[in-house]
Amino acid sequence: MADFQSDTHPSLQIEGEGMKTKTMNNKSMKTKNIEEGREKEHSRDGHLFSGVRLVVVLLFAGVDVASAAIYYVLPYGNDSNDGLSLDTAWATIQHAADTVTAGDTVKVQAGTYNEQVTISSSGTAGNPIIFQGEGMPTITHTGTGYTDGPVIISGSYITFTGFNIKAYDTDHDSSHVVGVRLVYDSGASNINISDNYIWTESGYGILFQKRTGNDSVISNNEIHTGHRAGILLSSPDYTQENISIINNTIYADENFQHRDWTDASGIWTYYGTARYLNISYNKILAAGYTGIKIGGLNHTIAYNEVGPKGFVHNAIEITQGETELIGNRVYDTDLNWPTQVNAFYSAGVAQEYRKNLILRDNVVENSRGRALSIGADEHHFIVENFKAINFKGRAIQVGGVEEDQYPWPVRITGNGIFYNITLDVYDPDSGYLQYPIDIISLGECTSDDHTDWNAYIPSDVTFIDVSVTGNYTLETWSVSNYVAYSSNHHFEGTVHVINSNKDDVHMRKYPEGTFNGSIIFYYYADVKVVDANGNPIEGTKVSFAANDSTIKPKNTNYTYVPFPDGVTQDIEYTYTGSDGHTPLPSDTSNTVAIADFKKDINGTYYYTWTITAEKDGYSNSTTVDPDPSWYRSDPNTYQNTVTIVLPTTIDTGTLTGTVTDKDTGAPIEGAVVSTNGYSNTTDDSGNYSITLPTGNYTVTASKTGYQSQSKSAEVFENRTTEVNFT
């Protein structure tokens, strides 16, 4: 399967497979997409993160339609005809809408239809009603108000596809006539709006009003609006569910007449209470406010593109939780945009469900402002494989607002993980200088009046494998107790940073409040245990103890599902493998990272570590001082190896043999013979020799241009075992 290309979208595949389910955060999450495709996988601790190829599943697709009629509409037809052929076509689409029943199809021919089409009839799961434009016929209507417009639907199981829809205002400015509208409280569901060109003078492109739109698809449309959102879902109380918005191109408020208006967003959920949305492969190329602004629960927002004028406020904004953002791209932000815009943003008012947010494989390119902001009332989040390339401003901000803005206890940022973060950061062209990574206001106050800071629950945020490059003036990291919109400033938590190439930190404490937090920098430890003859010893227990007993080593095994109550886990010992080394970070449960230093508002504290190796009654120790030279650009390589020799020897034998060409019998020079981390390269006679601990092995010979070959062998003490390869 080919990878999804950012500049072209694959055609949607319609399959009659019924409703799909997938599990997210131990909850069943109904969606209309099947996650399979992109041939891209990331595996951490047994969890498989696959990319997405969208397959839209209509509930009525793939079902035979019984007793269906096909009707025709032509601009020069006659509504007195029977409509059953082009020769006897009707003149108006409305006449067809008044006539059709479940299972019927209306084929509307090219031309212009100056009318308002109101569809109140319904199809069924097996027999939808289909309005099919042939040659992109145009429907135009001039009206007043958002309840007016060219296409109004109150029925269910309706497909409306292949039309050019134009909505004009009587005042040509602010009547907000809507292109396609699902009628308030009608219960219209299972609607398919696809392959249309929709233009409005000032109103919404597509509007799903209160309690409409369940189990519907909006796909492959191009939408231009004068003032308002391209697609608006507007229903309270979680009454809009299972809606797929796929592969649309949207220009909302494309002339920026209402720049910075909330309802000038590309895709928007007004009440923020939708559930199970699938918003994928859309392009938001202009929006007067936010590119994609979504509230509610259990959403998948995948492989969308926002730019270059796709937002003024935030590119993609999430206001609740239980949501995944996968493979989205924000690019080429206009240089005149405000400095405080966000490419990816999760924050807002306090909500019960603001938790369990996943962002992975998202990228921001050639933009400015803030690349990723995770703010107020966020409980448990994971950010994986995030990139900000050629970014001017603050790349990552973690923190939130305080009690002065809201009358209830606001949960500041909860426990979270950042894994595999790549930032290419530069000073902004204008405005204030920015810290590339800014962490503010961790913790949660649980008192009812939000004033008892003894009831404050600390929160931890962990960064794993961070690379920061570019040209910027301030320190890379900023940690402070500053809280926006508040007279009280509090920081109660710890920032753990494992394997970062930058460790310069600015600490800021505002006097009105508390600062009981810190930032700790760790690096991966590589320990190799050998015997007196230099042979690696497998299965050695290697333990780590700092000169401060409160500081513990960390592994990198954060939990994907369910979400963490903590972050990564403390690990005080691990075991060597067959090559004598302690595990690499790819073994997330057993790798070890040890702290270089901790910084808090009172100072900086450096650590030394005693590393002890123990096996079969033998032990030995050494002391190390980790420092920034321990940073690994490729985490899964051995670096700064600490070797510990145990005063013992292990039983070994020799593995020898020859590698020859199967056809000619000639020796093969330069072949690599390897097993369990040991290897040797053949000489000009094709010979190799490897000293190994006694035991059973699978031995492989390989060389470019030849097919690899593997054989089994047993190595005995002080004996030679011969294994030849042809």
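Residues numbered from 1 in each chain as written. Predicted model: local features only at pLDDT ≥ 70, side-chain atom pairs only at ≥ 80, totals over all residues. Heavy atoms only, no water.

1. Some words on the pairing of strand β8 (residues 105-108)
Consecutive residues of a regular strand have side chains that alternate between opposite faces of the sheet. Short version of the rule: Pairing between strands is defined by DSSP: at least two bridges between the two strands are required. For helices the rule is a DSSP run of H or I covering at least 4 residues; for strands it is a run of E covering at least 2, with both sets numbered from the N terminus onward.
Where strand β7 (residues 70-73) and β8 come together, 4 bridges link them in parallel fashion. In the sheet register, I70 faces β8, and the bridge partner there is T105. Two elements, β8 and strand β11 (residues 129-133), share 4 bridges in a ladder whose sense is parallel. Across the sheet, residue V106 finds its bridge partner in β11, namely F131.

2. Things to note about the sheet that holds strand β59 (residues 678-681)
Threshold: Here an axis means a line fitted to C-alpha atoms, over the contact stretch when the element is a helix, while the angle between two N-to-C directions is reported on a 0 to 180 degree scale.
Strand order in the open sheet formed by 4 strands is β59-β58-β61-β62, with antiparallel pairing between adjacent strands. The sheet terminates laterally at β59 and β62 (709-715), the two strands that pair on one side only. Neighbour to neighbour, the strand axes of the sheet diverge by 25° on average, direction disregarded. Where strand β58 (residues 672-675) and β59 come together, 4 bridges link them in antiparallel fashion. Among the inter-strand pairings, T675 is bridged to a residue of β59, identified as Y678.

3. Details of the nonpolar core
Selection criterion: The criterion is simple. A nonpolar core is a set of buried Ala, Val, Leu, Ile, Met, Phe, Trp, Tyr and Cys residues joined through side-chain atoms within 4.5 Å. Accessibility here uses a 1.4 Å probe with only protein chains present; expressed as a share of the type maximum, an area under 20% marks a residue as buried, one over 50% as exposed, and anything in between as partly exposed. By definition, residues are in contact when any of their heavy atoms lie within 4.5 Å.
Of all hydrophobic cores here, the largest spans 91 residues; its most connected members are F131, F418 and F463. Apart from residues lying up to four places away in sequence, F131 is in contact with I93, A97, V100, V106, I119, I158, T159, F160, T161 and F163. Residues I382, V529, I537 and W630 belong to the second largest nonpolar core, which totals 33 residues.

4. Some remarks on the pattern of salt bridges
Opposite charge on two side chains permits pairing when their charged atoms draw close. Here is the rule we go by: Between Lys or Arg on one side and Asp or Glu on the other, a salt bridge is scored when a side-chain nitrogen of the former is within 4 Å of a carboxyl oxygen of the latter.
Within this structure, the stated rule accounts for 10 salt bridges. E305 is the partner of R329 in a salt bridge, and the nearest nitrogen-oxygen pair spans 3.7 Å. Taken together, the residues span a long stretch of sequence, with R329 in strand β33 (residues 329-331) and E305 in strand β30 (residues 305-309) at a distance of 24 residues. Its relative accessible area of 21% is what places R329 among the partly exposed residues. Given the relative accessible area of 3%, E305 is considered buried. Where E324 meets R360, a salt bridge forms, and the shortest distance between an N and an O atom there is 3.3 Å. Of this pair, E324 sits in strand β32 (residues 323-326) while R360 sits in strand β35 (residues 355-360), and the two are 36 residues apart along the sequence. Taken individually, E324 and R360 each receive the classification buried, so the pair is uniform in this respect.

Honestly, that's just the spatial picture; any functional story needs more than this.
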